[in-house]
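Examining the three-dimensional arrangement
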Amino acid sequence: MAKLLVDGGRPLRGTVRISGRKNSAVAVMPAALLPQGTSRLENLPRITDVEVFLSILRQMGAEAAWREDGSIEVNAERLYRLPVSFELTRRLRASYYLLGALLARQGRAEVALPGGCDLGPRPIDQHLKGFRALGAEVSLQRGTVKVQARQLRGARIYFDVVSVGATINVLLAATAAEGTTVLENAAREPHVVDLANYLNACGAHIRGAGTDVIKVQGGHPLRAAAHAIIPDEIEAATFMTAAAAAGGDVTLENVIPTHLEPVSAKLKEAGALVLENGDSVRVISTERPLPLQLKTMPYPGFPTDAMPPMTALLSIASGTSLVSEGVWENRFAHVNELRKMGARIRVEGRTAVIEGVDALQAAPVEARDLRAAAALMVAGCIAEGQTEIFGVEHLDRGYEGTEEKLRALGVRVQRLREE
Ligand code: EPZ
């Protein structure tokens, strides 16, 4: 267990390179179980979620290891038929992608229900509906999901809610289904497109990823391919928000500016200057942020994962902001901690009413989930004095090299082991 000490209250200045996208990495890694041969996955972030997935792949019998150049090679030609240990799968939500991947690969899978951040109920009914439509038998016993099918068959599947996880899971399974699968009301997130690009590079026939209708011609043999994971737009959004909140001039390299548009638009509305230049984005901020009205939605709406850092920014805005959470039932775990730092925030149902204060004060605070940790990191950059952030293991699940990156922006930061 560790804590971060962040000395805030000064503008951020400098350049940071954004890492590969966590939520894409944890979808492409299980997909690497499908092709014959060795896939090389580049631009993977060195974060706990990726390390855990690597351990899961190895425990299943796959060869999977980091190379010196920072890429990972995965060869899954030999796999054991054992259920994956709950010890590992419980540590990250994305372990449920093993259901879709193994169903495609060997016609059966058994995975304990996943862990991940506590954001309210996190049902997987849409994943299971998709598997059933493809002809799989699905059962749920003592917290473990079992899926099996002698032969998957293409189907037309309409998702009742827009779900990133269900879209990815059913897409994985559909690569092995005979005939055509059509996914309707599919998630359009860039990491769905990233996964489809990797699978297509391996020989799959997936069209329409990035729109709400995805068509898969299943049953094509897949051969391993090299693939570079897209940049993490939520990590980028976190640093952009920190720069806009604390003031300064920050350049982020290795980003895809179009993926950042929902966040850039809101930061501009809050008064920051956001300049795009090829694969970099620069945020300049000299004034106190303006208040905003914001609602999180599936892509291309404002991302729910970027909302907690944004509430930290709005807590020092020059007026009252309204932030509505449109994806998760309970995503305001960071609000109590921001209050300890002097923020004036009231949560009414799924909306936070944020009355901007002149400044935040440093305080000991505790992160209880990944993006709450990111919000506290941003608050630590804003607040005068030294903010002590406990629960840093949550941050480490999704952010690579946080201290080095903050230091590159002139923030004094230390990591201490908790006693
Ligand atoms: C992914 O979670 C991300 N996780 C989350 O990021 C992110 O917040 C979320 O998408 C939304 O963008 C990963 O990619 C590993 P969903 P996921 O299925 O796939 C409901 C982070 O901080 N739903 O799109 O689990 C669900 O309850 C994490 O990086 C059903 O009703 O999210 C929610 O209200 C946290 N039935 C909504 O859909 C289902 O079968 C969206 O969930 C599935 C979902």
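Residues numbered from 1 in each chain as written. Predicted model: local features only at pLDDT ≥ 70, side-chain atom pairs only at ≥ 80, totals over all residues. Heavy atoms only, no water.

**Thoughts on a positive patch on the surface**
Side chains of Arg-81, Arg-108, Arg-142 and Lys-146 sit close together on the surface and give a patch of like positive charge. Its location among the elements puts Arg-108 in strand S6 (residues 108-112). Overall, Arg-108 belongs to the partly exposed group, its relative accessible area being 38%. (Patch = residues over 30% accessible without salt bridge, like charges linked within 9 Å, V, L, I, M, F, W, Y side chains within 5 Å. Areas by Shrake-Rupley, 256 points an atom, 1.4 Å probe, with all protein chains shown as cover. Salt bridge = Lys/Arg side-chain N within 4 Å of Asp/Glu carboxyl O. Lys, Arg positive; Asp, Glu negative; His and termini not counted. Charge placed at Lys NZ, Arg CZ, Asp CG, Glu CD. Helix = DSSP H or I, 4+ residues; strand = E, 2+ residues; numbered from the N terminus. Buried < 20%, exposed > 50% of the residue type's maximum accessible area, 1.4 Å probe, protein only.)

**Overview of the sheet that holds strand S1 (residues 2-8)**
Across the sheet, which stays open at both edges, the 4 strands sit in the order S21-S22-S1-S23 with mixed pairing between neighbours. The open sheet has two edge strands with one neighbour each: strand S21 (364-366) and strand S23 (412-417). Pairs of neighbouring strands in the sheet enclose a mean axial angle of 25 degrees, with direction left out of account. Here S1 pairs with strand S22 (residues 385-390) via 6 bridges, running antiparallel. Bridge assignment links Asp-7 to a residue of S22, and that residue is Gln-386. Sheet strands in contact with helix H12 (residues 370-382) are S1, S21 and S22, and its direction is about 35 degrees off that of S1. (Pairing = 2+ DSSP bridges. Axes fitted to C-alpha atoms, helices over the stretch in contact; angles between N-to-C directions. Contact = heavy atoms within 4.5 Å.)

**Some points on helix H1 (residues 22-31)**
Residues three or four positions apart in an α-helix share a direction because the helix packs 3.6 residues into each turn. The element H1 is extensively covered by neighbouring structure, given that 10 of its 10 residues are classed as buried. For H1, the complete set of buried residues consists of Lys-22, Asn-23, Ser-24, Ala-25, Val-26, Ala-27, Val-28, Met-29, Pro-30 and Ala-31.

**Quick word on the site of the ligand**
The immediate surroundings of the ligand are formed by 24 residues, with Ser-163, Val-164, Asp-305, Val-327 and Arg-371 found nearest. Between Pro-123 and the ligand, the recorded distance is 3.3 Å, taken from a backbone N or O atom to an oxygen atom. One of the side-chain N or O atoms of Asp-305 is found 2.6 Å from an oxygen atom in the ligand. Against a free-state accessible area of 830 Å², the protein chains account for coverage of 89% of the ligand. Mapped onto the shell around the ligand, the elements with two or more residues apiece are H1, helix H5 (125-133), helix H6 (164-174) and H12. For the shell around the ligand, the element with the highest residue contribution is H5, accounting for 3 residues. Structurally, the shell around the ligand is a two-domain feature, drawing no fewer than three residues from each of domain 1 (2-18 + 231-417) and domain 2 (22-228). (Near = heavy atom within 4 Å. Polar contact = N/O pair within 3.5 Å; in protein donor to acceptor, adjacent residues only side chain to side chain. Domains from an automatic or database assignment.)

**Things to note about the sheet that holds strand S7 (residues 137-141)**
Across the sheet, 3 strands lie side by side as S6-S8-S7; this open sheet has antiparallel pairing. Edge strands, defined here as strands with exactly one partner in the open sheet, are S6 and S7. Recorded for the sheet is a direction-independent mean angle of 10 degrees between the axes of neighbouring strands. Helix-sheet contacts for helix H4 (residues 97-106) involve S6 and strand S8 (144-148), and the interaxial angle to S6 is about 160 degrees. Most of the contacts of H5 go to S7, to which it runs at about 145 degrees, and overall it touches S7 and S8.

**So, the domain arrangement of the protein chain**
For an interface, size is often stated in terms of accessible area lost upon the parts coming together. Taken domain by domain, the protein chain holds domain 1 (2-18 + 231-417) and domain 2 (22-228). Summing the contributions of domain 1 and of domain 2, the shared interface buries around 1800 Å²; its carbon and sulfur component is 52%. For the domain 1 face of the interface with domain 2, the top three residues by lost area are Tyr-299, Trp-328 and Arg-397, together amounting to 37%. Run the count over domain 1 and domain 2 and you get 1 salt bridge. At the surface where domain 1 touches domain 2, the tally comes to 5 residue pairs in polar contact (both at pLDDT 80 or more). (Buried area = accessible area lost by both parts, 1.4 Å probe.)

**Some remarks on the side chain of Glu-403**
Within the fold, Glu-403 resides in helix H14 (residues 402-408). Apart from residues lying up to four places away in sequence, Glu-403 is in contact with Leu-4, Val-413 and Arg-415.

**Describing helix H2 (residues 48-59)**
Here H2 spans 16 Å end to end across 12 residues, near enough to the 16 Å set by a 1.5 Å rise per residue. Among the residues of H2, those classed as buried are Asp-49, Val-50, Val-52, Phe-53, Leu-54, Ile-56 and Leu-57. Those residues of H2 that are buried are in contact with H1, strand S4 (63-66), strand S5 (72-75), helix H3 (86-89), H4 and helix H13 (392-398). (Expected span 1.5 Å × (residues − 1).)

**Structural notes on the packing of aromatic side chains**
Going through the model one piece at a time under the given rule, you end up with 1 aromatic pair. On the numbers, 5.2 Å between centres and 55 degrees between planes, the contact of Tyr-96 with Tyr-97 is tilted. We classify Tyr-96 as buried; its relative accessible area is 8%. When the ring centre of Trp-66 is taken as origin, the NZ or CZ atom of Arg-46, which lies over that ring, is 3.9 Å away. (Phe/Tyr/Trp six-rings, centres within 6.5 Å; stacked < 30°, edge-to-face > 60°. Lys NZ or Arg CZ within 6 Å of the ring centre and 35° of its normal.)

**Brief notes about the pairing of S22**
Note that S21 and S22 share 3 bridges and pair parallel. Residue Val-365 lies in a different strand from S22, and its bridge partner there is Ile-389. Once the chain exits S21 it traverses H12 before rejoining the sheet at S22, and the crossover so formed is right-handed. (Right-handed = clockwise from strand over helix to strand, strands pointing away.)

**A look at the pattern of salt bridges**
Any two side chains of opposite charge can pair if their charged atoms end up close together. Per the counting criterion, the structure on display carries 24 salt bridges. A salt bridge links Asp-358 to Arg-288; its shortest N-O distance comes to 3.2 Å. One end of the pair, Asp-358, is in the loop between strand S20 (351-355) and S21; the other, Arg-288, is in the loop between strand S16 (280-285) and strand S17 (293-295), and 70 residues separate them in sequence. For Arg-288, a relative accessible area of 36% translates into the label partly exposed. Through salt bridges that share partners, Glu-337, Lys-340, Glu-366 and Arg-368 make up one connected network.

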